[in-house]
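# Results of the structural survey
Residues per chain are reported as follows:
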Amino acid sequence: MTLLNSKFLAAAVLAGLAGVGLAGPAEAAAASKKPNVLLVLTDDMGIDQLQLYGYNSVPPAPPTPNLAALQSAGLTFRNAWTMPACSTARGVLYTGRYPFRTQLQAALGPSDLANSMISPYERTIPKLLASAGYATALFGKFHVGLQGNSPYALTMPDSLGWQYFNGWLDVTGDPSSIDTTAGGVGATDAYPNGYVPGSANGGADSGACYNSAGQCQALQTAVGAKNPAGRMCRDDGGIFVPNAACTSPMPGNLNFQTLSAHYVSPLVINEFGKAFSVPPTDKRARTFRNVEQTDAAIDWINWQQKHRMPWFATISTATVHTPMQAPPVNTLPPDSLDANGANLDDTAGKILIANQMIQAMDSELGRLLVSTGLATKVGDRLVLTAAAANTVVIYVNDNGSLGSQVRLPFDPTRAKGTAYQTGVWTPMVVAGAKVNPANVGKDVQALVNIADLYELIGNVAGVDVRKNNPYIVDSVPMAQYLADNTAPSQRSYDFNLVGPNLQANGGINGPCQFPGSNPPSCSQIPVTKSVCEDNGGTWFGQGATASYQTGNTSTQIPSEGFKYCCQVQQWIVANGGVAGTVIPTTSMAVRDKLGYKLVRNQWNNYDASSQTGCQETTDNELYTIGQTNPVVPGAPLIDTEARLIPTPYTPQQQKKYVELTGYLNTLLNSQPDCLAKGDGNGDGVVNLEDLNNYKRMAHMTSGSSWYDVNTDGYTNSTDEQIIVQNLGYSCKKK
């Protein structure tokens, strides 16, 4: 098993049951009658990446037979919204609360304070279900907190209620850059895909494969093999020395410490509040992420099944997040294309690798379901048996596709990181227990939000998500759709938002210019220089090292960099270049049931007439959207630039504009801002509980915490003075 100690796990589960009033076998048996919940959360797989919705994407989306089997055995939600960024969507899912309430408004980066991470004071889904006697676990991507600025460091998952965690706590929250030396074998950039390819692609067909213990196996494959020796070795956790024989000791240049995207990862295991870092020499940390997390989840779920414990497991994959890497060949269909020569600098290469990562995710989903008794195979076809196993299976994606991977007719210029449809319209399927058999294979047309899964999962477990919850909850009920797919929409409006997270003293992510786009664009979404470069950008923030083509010359970027993208455009123009597009830093949207959608963008835009080159800008845009485009058969009606409703509006359009802007403003104003007064736990009052919480946090760290109430990056006596001065203050909305 991948569990460190299953006996300890048993003790923890029994202790958890005792803690919620379940003291013996009879109570445990009663709890076991509650439905299990399996939540599958994918990454960057927007609605254009799947065939489930029938939009005939170009380039074609790959077949996902196991997701299709899940769809045919459950309900497909046709109008589901998520948030525009991965951390933001996860925060909303786990708390049922919109981003402006938790301050987790963007993908987390190393500079973001704990104030923008999901707080241990939140009533998260795993906490709710643990109170109802459930065992809870999270496998794979975390990214609602980063250890660099969290007092809980590697035990963050435990602080949010997961009794068991097996996944990755990357420094940036996302996979590291690819190790292009392939473990120290070649020079930097010698092997852009992270392994030595076969001779047909400039590598070798034979050589020595070493594991971290120094054991070696000679490998040889045929010329042009789909699974060449170097890839085979890497996929098994080893390092491949091309055209060499095994030696003892192994060559001194081999490096088993450097991380490499989806293959060599900072694996962390949490049990009972303690964190165990799995070293990169360990086989589990050197296994393709989607495979390793599936292995761990199968072990954990089967243990719960054996002991008749109700369970809640979240499987959070990194598919298809950059930097992308081809998955192991044995996770792909036999007729899959040879990806060994794929060039991730061109569209065809990106789509090929994306297709294979999606297919590998689907393959691993099938393995998970079959291995845990939630499905069976009939020939090559997956048949879901989750209903008979008293398990609800939920599939959802975190945000829209990355712009460079978007498939037409969706809009690559308005994708992940924006509030437009391509950035937030997500696939969502619910199957298994609680789904009315008469509804199987049908669609739900009602508006739903990823926040609503918070309430659905709570309801499945018999938990009232608002009872004894001091916070405003934005989820609405979904259970009625499982009973009747034609039930009226519980939502009159849907909402999404992305914006900057809190950094010390008003800091913000540095600018990242994408020169290959047309026109060039600048974004402050990438959280670090390496993330910017992994996505094909040029870093213009602090520590810039590159040159940039301005006019006919290549000009060195100042090492101190710039704070805003608008300043970057001013510098480019001053050096003879042409200004590009500045991507909004804050983007939000609201829509109604009729398909009217208001998008509000806010940013420091480039203004050539300004001395600083910057102008604070807010734009409100009105669109009509829908599942079908009346002009283009088979295509969706989405909010492309060409579909912006021009002013002056008709009376009906003006009425909708006023209605939607009014709703948006009221919603944003519904969250009291009490942090600066000392309300670190966000319950709307400053009291002795805050003072005691401050002392606990200050004991844990002098750095960032939720009681760094002046957001200067430190939890110290200055924060304590603010709390003491404001004791008794209330900012709860009446």
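One structure accompanies this document, and this report is about it. (Residues numbered from 1 in each chain as written. Predicted model: local features only at pLDDT ≥ 70, side-chain atom pairs only at ≥ 80, totals over all residues. Heavy atoms only, no water.)

Summed over all chains, the structure comprises 23 aromatic pairs. With centroids separated by 5.9 Å and ring planes inclined at 55°, the aromatic side chains of Phe 139 and Tyr 164 adopt a geometry described as tilted. One end of the pair, Phe 139, is in strand 3 (residues 135-141); the other, Tyr 164, is in strand 4 (residues 164-168), and 25 residues separate them in sequence. Relative accessible area serves as the criterion here: at 0%, Phe 139 is assigned to the buried category. By relative accessible area, Tyr 164 is classed as buried at 0%. Here the aromatic rings of Tyr 263 and Phe 288 are separated by 5.0 Å at their centres, their planes lie at 45°, and the arrangement is tilted. Of this pair, Tyr 263 sits in the loop between strand 7 (239-242) and strand 8 (267-271) while Phe 288 sits in the loop between strand 9 (274-277) and helix 9 (289-306), placing them 25 residues apart in sequence. Both residues of the pair, Tyr 263 and Phe 288, count as buried. One aromatic cluster is present, built from ring pairs that chain together Tyr 94, Phe 142, Trp 162 and Phe 165. (Phe/Tyr/Trp six-rings, centres within 6.5 Å; stacked < 30°, edge-to-face > 60°. Helix = DSSP H or I, 4+ residues; strand = E, 2+ residues; numbered from the N terminus. Buried < 20%, exposed > 50% of the residue type's maximum accessible area, 1.4 Å probe, protein only.)

Taken as a whole and assessed by the stated rule, the structure comprises six disulfides. Paired through a disulfide, Cys 512 and Cys 532 show a sulfur-sulfur distance of 2.1 Å. One disulfide, between Cys 512 and Cys 532, carries an S-S torsion of 85° and so falls in the right-handed class. Of the two residues, Cys 512 sits in strand 17 (residues 512-514) while Cys 532 sits in helix 14 (residues 529-534), which places them 20 residues apart along the sequence. The same class applies to Cys 512 and to Cys 532, which are both buried. Of note for the chain: the bonded cysteines, numbered N- to C-terminal, pair according to 1-3, 2-4, 5-7, 6-8, 9-10, 11-12. Residue Cys 86 stays outside any disulfide, its sulfur separated by 15 Å from that of Cys 512, the closest cysteine. (Disulfide = S-S within 2.5 Å.)

A word on helix 4 (residues 86-95). Burial within helix 4 is extensive, with ten of its ten residues counted as buried. For helix 4, the set of buried residues is Cys 86, Ser 87, Thr 88, Ala 89, Arg 90, Gly 91, Val 92, Leu 93, Tyr 94 and Thr 95. The positive-phi residue at the C-terminal boundary of helix 4 is Gly 96, with phi of around 70°.

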